[in-house]
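Architecture and fold: a report
Listed below, chain by chain, are the residues.
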Amino acid sequence: TMKLVLDCDPGVDDAVAVMLALASPEVELLGLSTVFGNAPVDVTTRNARTLLRAGGRPDLPVAKGAHGPLVGRFGGGVPFIHGKDGLGDGNVARASEDDRPPDLSAVELLRREVLAAPGEVTLLAVGPLTNIALFARVHPEAARQVARVVVMGGNALSPGNITPGAEANIHNDPEAADIVMGFDWPVAMVGLDVTDGIVLGPAHLDAIGSGGTPAHDLLARAVPLYRQFYKDFNDIDGVAAHDPAALALLLVPDLFDTEDWPIRVELSGIGRGKTWPQTRRRPTPPPGWEGRPPVQVATGARSEAVADFIADRIA
Ligand code: BDR
Ligand code: CA
């Protein structure tokens, strides 16, 4: 089995990713760390607790992380996509605020779990990369013992979603993303290049919302607002499975195509948060890309097969 810490900002598609992890026998989920993003971190932390309860694993630790980016300020989330409560404003029975305080800080959870099983722990990051960057900067020796970092975020060859240039998770903390993509550990980037096309359609959504367990009931309540956003603004009947797609890279890698490209993150101007791959081979790296490690970038996927896999597993 694969030991996994899931760093998240739940978030409707984060909720699907957590339920996919809990439904996957290949995964040993060690805990959730939380970050600002789709909603403020107090909200995403409470949601993480809610997801573990609904998923039947209230025993797992929830570790609260950053309330804002390394530089600048958090803009406040996207209530029109994920709801003010971060779970689609669908009256999900949320863990009460005082249910159980966060167990430890996100960076401490990452350090503890990695040092408990050096070389064996995978980090799956499906929110802004603030916690992951802080872990690398504060505990670099421990961070070098991470087996793999898989990121949902970025856009190598395709347009952004939160701005024309940038994807939301990277845009929420570009400095952190540039640290994570440049650190001395194996990183995979599952960005909009593939996740925009991995769509859970009506039949998939019926399946993941109707199993009758608390997890299925939660998804049935959380998804409709997110789905409405895709209908109104993207003209599709269904939702992009961004965060679960990143977990799918770990579970069904044969359904993805990847390229090894060094990545830099744009830090200024209207392109802030854009991920720039160095795709052309050259005798020496271009200025700015010197010394940057290759990142495994997902460039294509058997999209329908990935969507079927995600829905079948959770159903
Ligand atoms: C990413 O941004 C968040 O809003 C989603 O949860 C996902 O992690 C998609 O751009
Ligand atoms: Ca997310």
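See the structure above.
Residues numbered from 1 in each chain as written. Chains lettered and ligands numbered in written order. Predicted model: local features only at pLDDT ≥ 70, side-chain atom pairs only at ≥ 80, totals over all residues.

Digging into the overall build of the chain
Summing up its helical and strand segments, the chain has 13 helices and 12 strands in all. Against the compact-globule benchmark of 20 Å for 315 residues, the chain has a radius of gyration of 18 Å, which places it among compact chains. Its C-alpha atoms put the chain at 60 × 45 × 35 Å along the principal axes. Classification of the 315 residues of the chain by burial places 53% in the buried group. (Helix = DSSP H or I, 4+ residues; strand = E, 2+ residues; numbered from the N terminus. Rg over C-alpha atoms; globule rule 2.2 N^0.38 Å. Buried ≥ 20, exposed ≤ 12 C-beta atoms within 10 Å, placed from the backbone.)

A word on the environment of L255
With respect to the secondary-structure elements, L255 resides in the loop between α12 (242-251) and β10 (256-265). What makes L255 buried here is the crowd of 20 C-beta atoms within 10 Å. Distance in space between the C-alpha atoms of L255 and S303 is 7.9 Å, their sequence separation being 48 residues.

Thoughts on unusual backbone geometry
The step from P10 to G11 runs through a cis peptide bond, and the omega angle for that step is -15°. If you trace the backbone, G11 turns up in the loop between β1 (2-8) and α1 (12-22). Even without being glycine, D235 reaches a positive phi, approximately 55°. The topology assignment puts D235 in the loop between α11 (214-234) and β9 (239-240). Note on D235: 7 C-beta atoms within 10 Å, which makes it exposed.

A short note on helix α4 (residues 106-116)
Turning to α4, its buried residues number three or more, namely A106, V107, L109, L110, E113 and V114. One side of α4 carries all its buried residues, which in axial view fall inside an arc of 160°. (Arc of directions from axis to C-beta.)

Brief notes about the sheet that holds strand β11 (residues 275-277)
The 10 strands lie next to each other as β4-β3-β2-β1-β5-β6-β7-β12-β10-β11, forming an open sheet whose pairing is mixed. The open sheet terminates on both sides in strands that have one partner only, identified here as β4 (104-105) and β11. Bridge analysis of strand β6 (residues 148-152) against strand β7 (residues 187-190) gives four bridges, and the strand direction is parallel. What sits directly across from V151, in β7, is M189. Those strands touched by helix α8 (residues 174-182) are β6, β7, β10 and β12 (294-301), and its axis lies near 115° from that of β10. (Pairing = 2+ DSSP bridges. Contact = placed C-beta atoms within 7 Å. Axes fitted to C-alpha atoms, helices over the stretch in contact; angles between N-to-C directions.)

Thoughts on α12
Taking burial as the measure, the 10 residues of α12 include eight buried ones, the bulk of the element. Within α12, the full set of buried residues consists of H242, D243, P244, A245, A246, L247, A248 and L249.

A closer look at the site of ligand 1
Looking at ligand 1, there are 13 residues lining it, with G11, D13, V126, A168 and H242 nearest. Residues belonging to the shell around ligand 1 are distributed by class as follows: three nonpolar, six polar and four charged. (Near = placed C-beta within 6 Å. Nonpolar A, V, L, I, M, F, W, Y, C, P; charged D, E, K, R; others polar.)

Let's talk about the nonpolar core
Of all hydrophobic cores here, the largest spans 100 residues; its most connected members are V151, V180 and V190. The element that contributes the greatest number of residues to this core is α1, accounting for nine residues. Not counting residues within four places of it along the chain, the set of residues in contact with V190 comprises V150, V151, M152, T195, A245, A246, L249 and A298. (Core = buried A, V, L, I, M, F, W, Y, C linked by C-beta atoms within 7 Å.)

A word on the pairing of strand β2 (residues 27-34)
Judged by how many residues are buried, β2 sits mostly within the fold: seven of eight residues are covered. By the bridge criterion, seven bridges tie β1 to β2 in an arrangement that is parallel. Across the sheet, the residue bridging to D7 is S33, located in β2. In the classification by handedness, the crossover that spans β1, the intervening α1 and the parallel β2 is right-handed. On the question of chirality, the crossover connecting β2 to the parallel strand β3 (residues 62-64) by way of helix α2 (residues 41-54) is right-handed. (Right-handed = clockwise from strand over helix to strand, strands pointing away.)

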